[in-house]
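# Structural characterization, general
Each chain, written out:
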Amino acid sequence: MAGGAASGNKNGVRIVVAGDRGTGKSSLIVTAVSETFPTNVPPVLPPSRLPDDIYPDHVPITIIDTSSSIDNRNKLSEELRRADAVVLTYACDQPETLERLSTFWLPELRRLEVKVPVIVVGCKLDLRDELHQVSLEQVMSPIMQQFREIETCIECSAFKNIQIPEVFYYAQKAVLHPTAPLFDQETQTLKPRCIRALKRIFILCDHDRDGALSDAELNDFQVKCFSAPLQPSEIGGVKRVVQEKLSEGVNERGLTLAGFLFLHALFIEKGRLETTWTVLRKFGYNNDIRLSDDLLPPSFKRSPDQNVELTNDAIDFLKGIFTSYDTDGDGALRPTDLDDDLFSTAPDSPWTEAPYKDAAPTTALGGLHMDGFLSEWALMTLLDPAKSVEYLKYLTYDGDAASAILITRKRRIDRKKQQSDRNVFQCYVFGPKKAGKSALLNAFLGRPFSDSYTSTNEDRYAVNVVENAPLGSKKFLILREIAESGVKKLLSDKESLASCDVAIFVYDSSDELSWKKVTELLVDVASHGEGTGYEVPCLIVAAKDDLDPYPMAIHDSTRVSQDMGIEAPIPISPKLGDFNNVFRRIVNAAEHPHLSIPETEAGRSRKQYHRLINRSLMFVSGEFSLCRMVSDVEQCKFNLILFIYFPCFRSYVTDPIWWGNGSLFFF
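Residues numbered from 1 in each chain as written. Predicted model: local features only at pLDDT ≥ 70, side-chain atom pairs only at ≥ 80, totals over all residues. Heavy atoms only, no water.

Here the focus is the pairing of strand β1 (residues 13–19). Side-chain direction in a regular strand flips from residue to residue, so the side chains alternate between the two faces of the sheet. The buried count for β1 comes to 7 of 7 residues, which makes it a mostly enclosed element. Covered by surrounding structure in β1 are V13, I15, V17 and G19 together with R14, V16 and A18, the residues of both alternating faces. Across 5 bridges, the pairing between β1 and strand β3 (residues 61–65) is parallel. Within the sheet, the bridge partner assigned to R14 lies in β3 and is T62. Note: β1 against strand β4 (residues 85–91), 5 bridges, orientation parallel. By the bridge assignment, I15 is partnered in β4 with A85. (Buried < 20%, exposed > 50% of the residue type's maximum accessible area, 1.4 Å probe, protein only. Helix = DSSP H or I, 4+ residues; strand = E, 2+ residues; numbered from the N terminus. Pairing = 2+ DSSP bridges.)

Here you go:
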């Protein structure tokens, strides 16, 4: 397993040389470019370029000289921030310049937040006092322990042309093939993210899924990564090296995962990082050891009222993955099954933080059943479809984005068709504080009721499968709890309701103030929908039905429901476990997006006005042809009648297009 290096798609490497005055920066650069020691150099050199073919990667190198004077400090900071790598110099005959690396230069790079590889170079090796020779490792080890950003240390002499090309080779190599993402120098082990990526590559190359790479599979891997086959003797040699050091690295079927990882650790220990980087990049990884952007869809173009779902093909793949990792056949994956096994080929588990953490129903041990597993995927696909595709690929899904992602029909079209064919519905949950919103979400996830109150200050999601009886179909329902304090900000966005399939308004049925607040929220949301065209079905949920209602509750709720043209409030009691089929009713409202649309008084007036306009336009369009057949005087009389008896039409009849021949004179 060997071959050429991959450049990580770099078009060029910019190396900035910095250090104290008189440490040999300019002489180092001139000698590297011209291969001769300069007798006279200016204080600061202009940018210099090394030939493209000087090193194996054939990537151009631009070297930037800098001044260490205080007057040029801003220029120095600017150059350091633009660097791909930094070469810090000290003079081997001036110990104080070495001390300045740890007291000034390296802390300065951290202060400037320059997060690039650092190469420490001791110049003027020929001038070091031979009576005080010390090993480079002895000198640099304490500094490298303190400053992990140091990639390599090397000593050189421009005067005698000793190790000058190596300085910039190591600097370029640190950019194109960095050690830090792959290997922990302190523990001398592969880093977890590197192991996860290599495990995924191993599984992709293990075509027969027998847990080992056969000779044929090893050869296919070699050709893919390095464009050159391995001879049988070479394959045998690779396996012997592994078996001598790690007995479990090879079995009767071939090279095991342990052996595959051991080989890469061996390459890195021997300084052949380009081998591992070539493998990673051939399989689409970038320097952060994540799949590069060109392997992922740039965006999913869609209208605001279109959502994103997984296709049946992707869901079937995920069902197969779930089953394969459910080794004990209990129908559930424990947290360790998810983090350590199922997502062991991804950089991390995608559901360890909000909004995905605790968003789906779990088992008593915190694991996921199949429905909970698929629910998490439904939520991630709705909120971040690109991330969903990325993690599908980490799980070795071999389809493209088009086969994994479905963009739904526009909701406006669904309203016209009076039916939605979506499989994932998003429901916004509005309501004042202490109304019972969180209790509703917890009940949706099968969690026990609690009397303790915790205020919700940020949006919270809950997702689960709802069986839609009597049809027996399953839909994913996503509840998004909107904090009362966040409603104003939400509605400040014109398109905030576009992705909402249905909204519910939860209030404490025993509290009159809670009812008043929820009706205000209902009017605000309905008005926003009427004003933007993104109207949504709305349901009112009367929570805490186990408590006595306030005196006018029935009268008030009936009046508001009738006035706004929506259903009467749905009574529920999370404390008693009585939910009155509320989740099925939410899904049913989402499936019929033309129903349960609340209508405000302003919206009703606006619709009546538009109906009048439309009828008037139909009347005028019919009479307009008659107007063309009468005399000019009769035409003016006719238009005058329109003007008097249809005052709402004055903006139209005063337009010259209606009159002609200067008849605006009459007005």
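Here the amide bond leading from A354 into P355 is cis, since omega sits at 10°, within 30 degrees of zero. As for its placement among the helices and strands, P355 is situated in the loop between α12 (335–342) and β14 (368–369). Although it is not a glycine, T396 adopts a positive phi angle of roughly 75°. Within the element layout of this structure, T396 appears in the loop between α14 (385–394) and α15 (401–404). According to the relative accessible area criterion, T396 is buried, its value standing at 16%. The backbone of K434 shows a phi angle near 65°, a positive value even though the residue is not glycine.

Between helix α13 (residues 370–383) and α14, the least distance of the axes is 5 Å, while the angle of their chain directions is 130°. It follows that α13 is oblique to α14 by the angle criterion. Side by side, α13 and α14 meet where W377, M380, T381, L382 and L383 of the first sit next to P385, K387, S388, Y391 and L392 of the second. (Axes fitted to C-alpha atoms, helices over the stretch in contact; angles between N-to-C directions. Parallel < 35°, antiparallel > 145°, perpendicular 65-115°, else oblique. Contact = heavy atoms within 4.5 Å.)

Positionally, S492 belongs in the loop between α18 (487–491) and β19 (502–508). Between the alpha carbons of S492 and H528 there is a distance of 9.1 Å; along the sequence they are 36 residues apart.

Together, K410, R412, K416 and K494 give the surface a local cluster of positive charge. Take K494: it is sitting in the loop between α18 and β19. (Patch = residues over 30% accessible without salt bridge, like charges linked within 9 Å, V, L, I, M, F, W, Y side chains within 5 Å. Areas by Shrake-Rupley, 256 points an atom, 1.4 Å probe, with all protein chains shown as cover. Salt bridge = Lys/Arg side-chain N within 4 Å of Asp/Glu carboxyl O. Lys, Arg positive; Asp, Glu negative; His and termini not counted. Charge placed at Lys NZ, Arg CZ, Asp CG, Glu CD.)

Of all hydrophobic cores here, the largest spans 75 residues; its most connected members are I201, F373 and W377. Residue contributions to this core peak at 7 residues, all from α13. Discounting chain neighbours no more than four positions away, the residues touching I201 are F221, F260, V279, L280, F283 and Y285. (Core = buried A, V, L, I, M, F, W, Y, C linked by side-chain atoms within 4.5 Å.)

Overall, mixed pairing links the 6 strands, which are arranged β17-β18-β16-β19-β20-β21 in an open sheet. Strands with a single pairing partner mark the edges of an open sheet, and in this sheet they are β17 (460–468) and β21 (570–571). With 6 bridges joining them, β19 and strand β20 (residues 538–543) adopt parallel strand pairing. Bridge pairing links D508 to A543 in β20.

This model, assessed by the stated rule, comprises 24 salt bridges. E108 is paired through a salt bridge with R111; the nearest N and O atoms lie 2.8 Å apart. Highlighted residues: E108 and R111, both in helix α3 (residues 95–111), separated by 3 residues, approximately one helical turn. Look at E108 and you get buried, because its relative accessible area is 10%. The partner of R415 in a salt bridge is E535, with the nearest N and O atoms 3.1 Å apart. Of the two residues, R415 is situated in helix α16 (residues 411–417) and E535 in the loop between α19 (512–532) and β20; the sequence distance between them amounts to 120 residues. What makes R415 partly exposed here is its relative accessible area of 25%. Owing to a relative accessible area of 16%, E535 belongs among the buried residues under this scheme. Salt bridges sharing common partners tie together R193, R290, D348 and E390.

Below, the discussion takes up the side chain of D326. Tracing the backbone through its elements, the reader meets D326 in the loop between α11 (312–325) and β13 (332–333). R334 provides the closest opposite charge to the buried, unpaired D326, separated from it by 6.7 Å. One polar contact links the side chain of D326 to the main-chain amide nitrogen of D330, over a distance of 3.3 Å. Setting aside chain neighbours within four positions, we find D326 in contact with G331, A332 and L333. (Polar contact = N/O pair within 3.5 Å; in protein donor to acceptor, adjacent residues only side chain to side chain.)

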